Structures are given as structure tokens and as C-alpha cells.
Amino acid sequence: MEFETVLGLEVHTELATDTKIFCSCSTEFGGEPNTHVCEVCSGMPGTLPVLNKKVVEFAIRTGLATNCEITRYNKFDRKNYFYPDLPKAYQVSQLYLPICQNGHIDIEVNGVKKSIRIKEIHMEEDAGKLIHDPWDDCTLVDYNRCGVPLLEIVSEPDFSSAEEVIAYLTKLKAILQYTGVSDCKMEQGSLRADVNLSVKPVGSKELGTRTEMKNINSFKAIARAIEGERQRQIELIQEGKKVVQETRRWDDNKGASYAMRSKENAQDYRYFPEPDLVPIEIDEEWIEQVRASLPELPEAKKERYLSEYHLPAYDVDIITGSKDLVKIFEEAYEVCKNAKEVSNWIMGEVLRLASETSTLPEDISFDAKNLGKLILLVKDGVVNRNTAKEVFEKMFSHNVEPEKYIHDNNLKMVNDDSAVKEVVEKVIAANPDSIAQFKEGNEKVNKFLMGQCMKQLKGKANPAIVTKILDEELSKLK
Amino acid sequence: MELCQMSGLELGKKIKAKEVGVVEATKAVLENIEKREQSYHCYVTVCKEEALAQAEAVQKKIDAGALDSPLAGVPAAVKDNMCTKGMQTSCASRMLETFKPIYTATAVQKLQDAGAVILGKTNMDEFAMGSTSETSFFGATKNPWNQDHVPGGSSGGSAAAVAAEEAFYTLGSDTGGSIRQPASYCGITGLKPTYGTVSRYGLIAYASSLDQIGPMAKTVEDVAEIYKIIAGHDKKDSTSVHQPAPSFTLCPDMKGKKIGIPMEFFGEGIEEDVKEAVYHGAKVYESLGAEVEEIKMPAIGYAIPAYYIAACAEASSNLSRYDGIKYGHCATKYDDLVDLYYQSRSEGFGFEVKKRILIGAFVLSSGYYDAYYNKALQVKALIKQSYDDAFAKYDFLLTPTAPTTAPRVGESLKDTLKMYLSDICTVSVNLAGLPGLVVPCGFDKKGLPIGLQLIGKAFGEETLLNAGLAFQTATDFHKKTPVGKEA
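Rules used in this analysis
Residues numbered from 1 in each chain as written. Chains lettered and ligands numbered in written order. Predicted model: local features only at pLDDT ≥ 70, side-chain atom pairs only at ≥ 80, totals over all residues. Heavy atoms only, no water. Helix = DSSP H or I, 4+ residues; strand = E, 2+ residues; numbered from the N terminus. Rg over C-alpha atoms; globule rule 2.2 N^0.38 Å. Buried < 20%, exposed > 50% of the residue type's maximum accessible area, 1.4 Å probe, protein only. Contact = heavy atoms within 4.5 Å. Areas by Shrake-Rupley, 256 points an atom, 1.4 Å probe, with all protein chains shown as cover. Lys, Arg positive; Asp, Glu negative; His and termini not counted. Charge placed at Lys NZ, Arg CZ, Asp CG, Glu CD. Pairing = 2+ DSSP bridges. Buried area = accessible area lost by both parts, 1.4 Å probe. Salt bridge = Lys/Arg side-chain N within 4 Å of Asp/Glu carboxyl O. Nonpolar A, V, L, I, M, F, W, Y, C, P; charged D, E, K, R; others polar. Axes fitted to C-alpha atoms, helices over the stretch in contact; angles between N-to-C directions. Parallel < 35°, antiparallel > 145°, perpendicular 65-115°, else oblique. Expected span 1.5 Å × (residues − 1). Domains from an automatic or database assignment.

Enquirer: Mind showing me how you'd approach the overall build of chain A here?
Expert: If you tally the helices and strands in chain A, you get 16 helices and 16 strands. Taken over C-alpha atoms, the radius of gyration comes to 29 Å for chain A, far larger than the 23 Å a tight globule of 478 residues would show. Projected onto its principal axes, the C-alpha positions of chain A cover 95 × 55 × 55 Å. Here chain A, with 478 residues, has 51% of them falling under the buried criterion. For chain A, restricting intrachain contacts to residue pairs at least 6 apart in sequence, the fraction spanning at least 24 positions comes to 69%. Here chain A has roughly 23100 Å² of accessible surface; of this, 50% comes from carbon and sulfur atoms. Each charge class in chain A can be summarised by its mean position, and for the 63 positive and 80 negative side chains these summaries are 3 Å apart.

Enquirer: Mind showing me how you'd approach the overall build of chain B here?
Expert: Helix and strand content of chain B: 16 helices and 11 strands. For 487 residues, the compact-globule formula gives about 23 Å, and the C-alpha radius of gyration of chain B, at 21 Å, lands near that figure. Projected onto its principal axes, the C-alpha positions of chain B cover 65 × 55 × 50 Å. Relative to its 487 residues, chain B shows a buried fraction of 64%. Long-range contacts, defined here as pairs at least 24 residues apart, represent 75% of the contacts in chain B between residues at least 6 apart. In the structure as shown, chain B presents an accessible area of about 17200 Å², 53% of it carried by carbon and sulfur atoms.

Enquirer: Would you explain the sheet that holds strand E4 (residues 77–80) of chain A in this entry?
Expert: Within a sheet, neighbouring strands are paired by backbone hydrogen bonds and run either parallel or antiparallel to one another. All names here are of chain A. Here we have 3 strands laid out as an open sheet, ordered E5-E4-E15, and antiparallel in their pairing. Strands with a single pairing partner mark the edges of an open sheet, and in this sheet they are strand E5 (90–93) and strand E15 (272–273). As judged from the 4 bridges shared by E4 and E5, these two strands associate in the antiparallel manner. Within E5, the position partnered with Asn80 by the bridge is Tyr90.

Enquirer: How should the interface of chain B and chain A be read in this particular structure?
Expert: Many descriptions give the size of an interface as the accessible area lost when the pieces come together. Taken together, the 38 residues of chain B in the interface contact 31 residues of chain A. Regarding the contact of chain B and chain A, the summed buried area is about 2800 Å², with carbon and sulfur atoms giving 59% of it. Among the residues of chain B in contact with chain A, B:Ser238, B:Ser317 and B:Arg321 are the three that bury the most area, contributing 20% of the side total. At the surface where chain B touches chain A, the tally comes to 1 salt bridge. Broken down by secondary-structure element, the contributors of at least two residues to the side of chain B that touches chain A are helix H9 (303–318), helix H10 (337–348) and helix H11 (351–364) of chain B. Tallying contributions element by element places H9(B) first for the side of chain B that touches chain A, with 5 residues. For the side of chain B that touches chain A, a count of residues per class yields 18 nonpolar, 11 polar and 9 charged.

Enquirer: What exactly am I supposed to notice about the packing of helix H2 (residues 162–178) of chain A against helix H6 (residues 298–309) of chain A here?
Expert: The description of two packed helices rests on the angle between their axes and on the distance between the axes. All names here are of chain A. Interhelical geometry of H2 versus H6 gives an angle of 100° and a closest axis separation of 9 Å. Considered as vectors, H2 and H6 are oriented roughly perpendicular to each other. Seen from H2, the contacting residues are Lys171, Ala174, Ile175 and Tyr178; seen from H6, they are Pro298, Glu299 and Lys301. Of the residues assigned to the contact of H2 with H6, the class counts are 4 nonpolar, no polar and 3 charged.

Enquirer: So what exactly am I meant to see when it comes to the sheet that holds strand E4 (residues 169–173) of chain B here?
Expert: Residues and elements named next belong to chain B. Read across the sheet, 11 strands follow the order E1-E3-E2-E4-E6-E5-E10-E11-E9-E7-E8 without closing on themselves; strand pairing throughout is mixed. If you trace the sheet from one side to the other, it starts and ends with strand E1 (43–46) and strand E8 (291–295), each paired once. Mean inter-strand twist for the sheet, computed between neighbouring axes without regard to direction, equals 25°. Strands in contact with helix H5 (residues 156–163) are E1, strand E2 (75–79), strand E3 (117–122), E4 and strand E6 (213–217); relative to E4, the strand with the most contacts, it is inclined by about 160°.

Enquirer: Would you mind showing me how to read helix H12 (residues 370–393) of chain B here?
Expert: Residues spaced three or four apart along an α-helix face the same direction, because each turn holds 3.6 residues. Helix length check: H12(B) (24 residues) gives 34 Å between terminal C-alpha atoms against 34 Å at 1.5 Å per residue, within 8%. Within the sequence span of H12(B), burial applies to B:Tyr373, B:Ala376, B:Val379, B:Ile383, B:Ser386, B:Tyr387, B:Ala390 and B:Phe391.

Enquirer: Which parts of the structure should I look at to understand the domain arrangement of chain A?
Expert: Each domain of chain A was delimited in the assignment, giving domain 1 (3–285), domain 2 (298–408) and domain 3 (417–477). Domain 2 of chain A and domain 3 of chain A are separated by 34 Å when their C-alpha centres are compared.

Enquirer: Just checking my understanding: could you explain the pairing of strand E1 (residues 3–14) of chain A for this structure?
Expert: Along a regular strand, successive side chains alternate from one face of the sheet to the other. Residue and element names in this part refer to chain A. The buried fraction of E1 amounts to 11 of the 12 residues, a majority that puts the element mostly inside the structure. Pairing of E1 with strand E11 (residues 191–201), which is carried by 11 bridges, proceeds in the antiparallel orientation. If you follow Thr5 over to E11, its bridge partner there is Val199. Judged from the 5 bridges that link them, E1 and strand E10 (residues 149–155) form a sheet pairing that is antiparallel. When the bridges of E10 are listed, Glu10 appears paired with Val154.

Enquirer: For this particular structure, what's the right way to read the pattern of salt bridges?
Expert: Any two side chains of opposite charge can pair, on the condition that their charged atoms come close. Tallied over the entire structure, the rule returns 51 salt bridges over all chains. A salt bridge links A:Glu274 to A:Arg78; the shortest N-O distance between them is 2.9 Å. Pair noted here: A:Glu274 is in the loop between E15 and strand E16 (280–281) and A:Arg78 is in strand E4, with a separation of 196 residues, a long-range link. In this pair, the class of A:Glu274 matches that of A:Arg78, namely buried. Ionic pairing is found between B:Lys14 and B:Glu19, a salt bridge with its closest N-O pair at 3.4 Å. Under the relative-accessibility criterion, B:Glu19 is labelled exposed at 52%. The network of salt bridges with shared partners includes A:Glu296, A:Lys301, A:Arg304, A:Glu308 and A:Glu330.

The structure is reproduced here in C-alpha cells:
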């Protein structure tokens, strides 16, 4: 029997606000445990929440960027459950009236376009973090993350493959980054995805029993988790067993998922409207203000890069998929006005060095204007391409200014014909064997001699000039 | 007149005039506390040293002309469910027996800023759940008029402290009548302000949508003055209304005022003495030139179930944070995390609290939400509407505060359903978010006080206080004191 997979996603993203959702504590990641806490976010008796307006603005922004309807009359609800990382024993969230509803994100996988529907986006507070201390065999709790604002973005079960999920997440991540809503650092937990998955025989209208895998925090792990869970469910069905509706934990190291405690399923959150907060009314004016402040979004940017710059689709996908690469592209372009060159540099050297040094796009720190300058320096024949790559490595690692670096290190291309000629003559004189071979008609020695010349010139010469002069000198010997 | 018999404003005046020192007044009231606490148990915590130190500091500020409140220097006490930085705040529960807050409630802070000397924290029903102040983990408070009777609740300690002259005034909190009913039982004046006028920041929540802090004192003038100090928007409480702090001068003119008496407040179980005293009150208003009419408000009949559902639902969530992890009582023996919760909460909470948490968790549980909680919200809207209709015609309503005078100690806990039903006169006011003022209006045959409840429209505190002052001026029930009558 052939099976098809039905997938839905719940994405949690931490918002890039300076302060928490209901108090003025810092949201900064890291920090000594329990230093970004006050009586409000640590759930002291008698404290009350005060909503951070920025959170609402960020939610509206995300909703508009994902084609959602914005709910005009909003309320918060309490989700009640006991856990030591939740100091009030309830999470303030939105059940009945989420701020954004009925949106969609369009994706493209292997040339096929698809629209993924977004059911809703709601605002809520993050919980703290439990840290198990194996030394003392005890569990410690850090409330720094308590009350950091989150958006939960819930899709409809519109995905049929891991590729679609990854395409959607890539797009969503870019949108959240473009709009400044979140930094989406998965390794810091500011973007986390829960995957709902079920399988059914191809063509069957009835959905299979779904499982949920929680908090998987890298794209690669998500792809592996989906494949693993899909296989597990198919095997169960083929063995005549039933898929149990449950929450599972994906262990990426072991490449397998495990059922979490079964009481998770029986959890009754006893939702009810949060009485400590008043309803929030969002008027047209506010929405239009936010709409006007939206930057160019990934989709529009992609279209523009294709039509305006005629760049390869693959390169455009990669560059517009990251706010940080876009920033590098646009700043460098601003200086050199050569989109093709900038794109080539990003796809080549920038990504190569980033990968070699395990640098995430957001941590790339060189001044992109300097990349534009470097491109101009190559174009103007000040340095040749190979030297430029060397210079760029220094720019990437130490953010050097290219012109000064080239000057200080005497890397300027030698464009002086007489200087080149002198070297060519020296090389010819020093390699009689090669010249003999050349005379016998072996053209291959040209390359060797060219290499020798460049070596003598320390790579700084304009290769075109060297080739020209070498050819001239050699032809004299014929 | 003996110092402790004075009203807050009378003492404030003498302090201003340098006829009485703040330390002297504080010492006098501390002496009363020492003498009478054995009998009445109004306090959970008396902060003698801190109070004397505060008194000295306040005196210095007064001398320097830095305090202009007419109540500056007057010793007061606050209910033990309001957070006081570094001072034990127990909610009369074993759960918070050793809890010392790291901040002070806004209302208390405002009093302190106005020069109040805080004597300590008054006794109450555990987590404000009860109508008698008997559910306190630290033992019941007794009614100063008769120690065999309860002072009412849940702000029983705050009411008894004023009646027994163990504080010049106090703060209470009122979720379903917890300021007004004990004020009535103890023969003092108490105001439950409009929901949202006094910040709840630092008030340990029982039912967030109903809780409100308010003043309890010997006279309407005192209550009005305290109200002016504690009311006003607080940016730390999103539900506090954006209104400037109240400023008004009382003007007790009742001519042409229209007063309604809702018949539903005189239902089954109302004592004849209470009914008589309330109708006598109506006569007093008529004699002052007001028009009084009997009216019908059938929606009031649904108030008690709606109140207990809404209040318990919110309480079950509000009290979930007491889990033994961060602060408060933590069991010493447990098997695992769930058992830690189970043991800590079983040991930390008393019977009435557990009962209300269970009711609340039940009515919110999946499948029951619409049948109970949502229904309660609908009833709440109905009741609000029926009050709105009444206030379209009447300036304020006049009702009993409770169907009876203070029950005997132990009687109510034997039949808690009866105790819940005795909240009939007060809970609808909380559901509608309205202000309610209670002033003494008589005594029953046993000599126990009876209070008259005046209900006003939202933000109609000024109207109520004027009406209260008019009544107080025309009568002398508020001058009666149990002090000196004790055996």
C-alpha cells in the first residue's frame, strides 16, 4: 500500500521586544539564572500583568505579512497547568479570540507552487527553563525566560512532505526576520516547531490518527523527525497495529521518537478569560500604521531581484531567504551597482567562509559596503580576482577596509608593462627546458610559464597583461 | 474623650494641631491591642517596633510640613491579604504562614505616603474565603459586641479592630461582601468601591474580577477621606480605570433624592429586627426629603450561584501558584513532583479553600465550561443590566447588608450552604462592579449591630458617601461602641 503524509505545524517564535510581555524585565538571552525576573514574571502573590503594546504591534505585523485577518476585539485567556517552570501555574495565552486568523504563506518546492493556510496566530508568554543538575541530582529552575513574549503560528494540515515543511519554515523565518518581529535563533529557542503528522493510504479521504512532536529546533532535525515518524506510523499500520494519538519527543541523536507521558493527552487546561487584563481593541488606524511600516517582504523582494537584476532563481532564493544576506546584498549593491557580481560573491565567498567558520548569517560581521568597494576595485583593475579573494578573507574575519588593506600590504595589481616584461624575460631565461619544449610545439608549457610569472609577480599582476606579454616574448622565439 | 475613641479625622486634626503626638497615638492604640487581642484576635501580625519607628518618622515629616493629608499620623491596619514589603502577609493561611512579600501593595503604599502608621495585619477568612473570619489558620476573630458571635468576614479582623478601637481605621477587601457584611456585624462604616477605582496591585487575589479594596472606619467622613487617598489609576493594574483621583467635598443634602428598595433583598431568612432597622432607615431618608420606593429586581435571585461559580473558578486558577515550589508551605515528605504538589497543597490549604478550589476546577473543566462558567457570566451581565435599569430611575438603592445579625461562633461552618446564602444582599453588587456603602442603622434584640447598605451606580461613590453622611448626621448609631461593655 502506498501512503501519503499529512502534516501541520505549530511554530513558536520569541519576539524581539526589549522587555517581557507583562512586565519591564529584559528579554535578553543568557544572563545569570533568575537575574531577569521581578515579582510579576516570577508569579509573586498579588502581582498583576500589564500588556506590552509592542507585542500587539509585532503580532499585527506578523499577521499582515502572512495575509491574516486581524481580530479587532482581542482577549487573553488563562491556560492552567502545574509545572515548576510556570510560576503562576497558568500561562496567559489566547484561546477564544486569537489576534490573527485565516492567513496563508505561499511556498514552492521543486517548481511546484502551493499555498499553506495559517489557521491562527496568537500571543502568549513563554515559561521558564528547568535545568537538571546531575551532580546533585536535583532540578533547578531559571525564570529568566518567563514572560518573554511568544507568537504561536498555527498552520492548517496542508503539508505533504518534509520539503514543504522546510520551505514553509524558511519562508516564515524570513518573514519574521524581515519584519523585525523575531531574530529566529533556533539554537537559542527563539523559533521552535511542533509537528503534527499522520499518514493515510494514497487517495483516502479519511485522515489517519496524528501524533505531535514537540520543540524540534533545527530544520535538519525537523526533516529527520518527519521522515522517522512517517516510517514509524506506516510500519505500525502495515503490521496491523494502531497509531496512538499522543505527544512524542524526537531524539535527534538517536534518530527515533519516544512517547511522552500519557497524562499529556488527558490534560484539561481549564481555559477561561484572563480577568487581570482588559480586552484590547485594535482600530483600523493602528492596523494601517503597522501596514505602512512593513518593509519589503521576501516574496516581493524575490520578484524584484529576478525582474530587476536578472539573477539566477536559485541565488535569489538563497539570498532573499535570509534577512542578513539581503542586508549584505543591498549594502554592497548600493556601492558597486553590480547585482550579478554581488550575488556571485555572496553565493561564493561569503557562504563558503560562513560555512567553513560555522558562522550563522546573523553573525556575519563585515561591513557589506566594503564588499561593494572590493568589487569596484576588481573592476577598476586595482586588484585581480585572486588577490581580491585573499582580501575578502581578511574582510570576513577582521572587517578590514579593502582599499587600505591592499595599500598597506602592497597588493595592488602590477599594470606596468615594462615591469611585467622584465619578469617574463627572467622566467624565459631561467627555464630553458620549457622553452625547448615550447619550440617543439608543446603549448602546455605556456601555462607553467604563466604560473612562474605570476609567482614572481606575487599574484599582483593583471593576468591579461602577463598573458599578452608572455605570448609576445614566446612568439619572438619561434 | 479618650484618645482611642476618636475618629481618624478627629485624631488627625489633633496631630496637626500638635495636641497629640503620632507616637503617643500609636502607643495608645498599641496598648489597646495588647489589652484586647486576647479576647478578639483582630490581628494576625502586630508590628509594634515597626509601627513606633514609622510613627517617629511620620511625626518628623509632619513637623517639617511634608504631609498634608488630614489623616497623616493616624495609626491604621490592613487586611492580611495585602502585600507589605518585608512584613508577613499570610492571607490567614498555613500556605503563606512565613511569606514576606518583596513589595508593597499600591493601596497600602498610598496610605503610607499619606502618613499612615501601619500597626499590623488583620485577621480574615483564609484567602478571603468565608463570611465569618473563622476559617483563618490562626484562629477565629470574635465580635467585640459579643464574643460568642463572629465579626463577619472575610474582613472580620479589619472590622473588629475598628470596633474594638485597636485601629483608627483599616483596609479590607470585598469580593462578595467581605467589607460590607463585617462592617454591618461590627457596627462600623465600610465602603466597597466601584470595581477598578482602587488598584488591586498587591492584593492577593481571590477572584480577580470581583476583588476590590476599600476602607473601614468609624465614620463616613473617615471612609471618604481614606477612599480619596487610595483611589485612582495605577499603571500596574490594567483593570484600574483611567480616572483622576477623586476629590469632592461631602454635601449631605437628601432633598429630592430618589431611593429604591429592591424587595428581593428581603427574602426568606431575613430577621424581623434587620428588616425593621432597614425600613426605619428608609424613614430617616424620607424625613430628610428623599423619595423612597419599593422596586423589583428579579435577576438578583440568580446572584448567589453565579457568584460562587465565577469566584471559585477564578480562585482555582489564582491559587494554583501555591505549589510548594517557590514560596509558601512546602511538604517535607513526598515521592515525586506530583506528590510534592499534592502534599504541599493538602497541608497548606484549609477545608473551605480546598472546597472552593475543587468547585472552581470543576466548573472550568472541559465539557462543563458552558454549563457553568459561561452561564455565570451571562447572569453577571443580566444583573448589571437590572442595576442599570434601576439607576435610570433612582439615585441609589437601600438594602439590608445581610439577612441576619452576626451568627454565633461555629454556627455557620456547620451549614456552609446557609452561610453562602447569607451573602444574598452583597454578592450582586460585586457581580455588577458597583460601589456599596454600609453605615450602622440599629441593633437587634441581642444588642448586635445592624448595617444599612446603600448601593450606587458605577463611580457613584460621592453620592453614596453624601447619603451615608446624611444618615449618620441624622442618627447616632455610629457613636455606639462595644468598648467598655466587655465582661
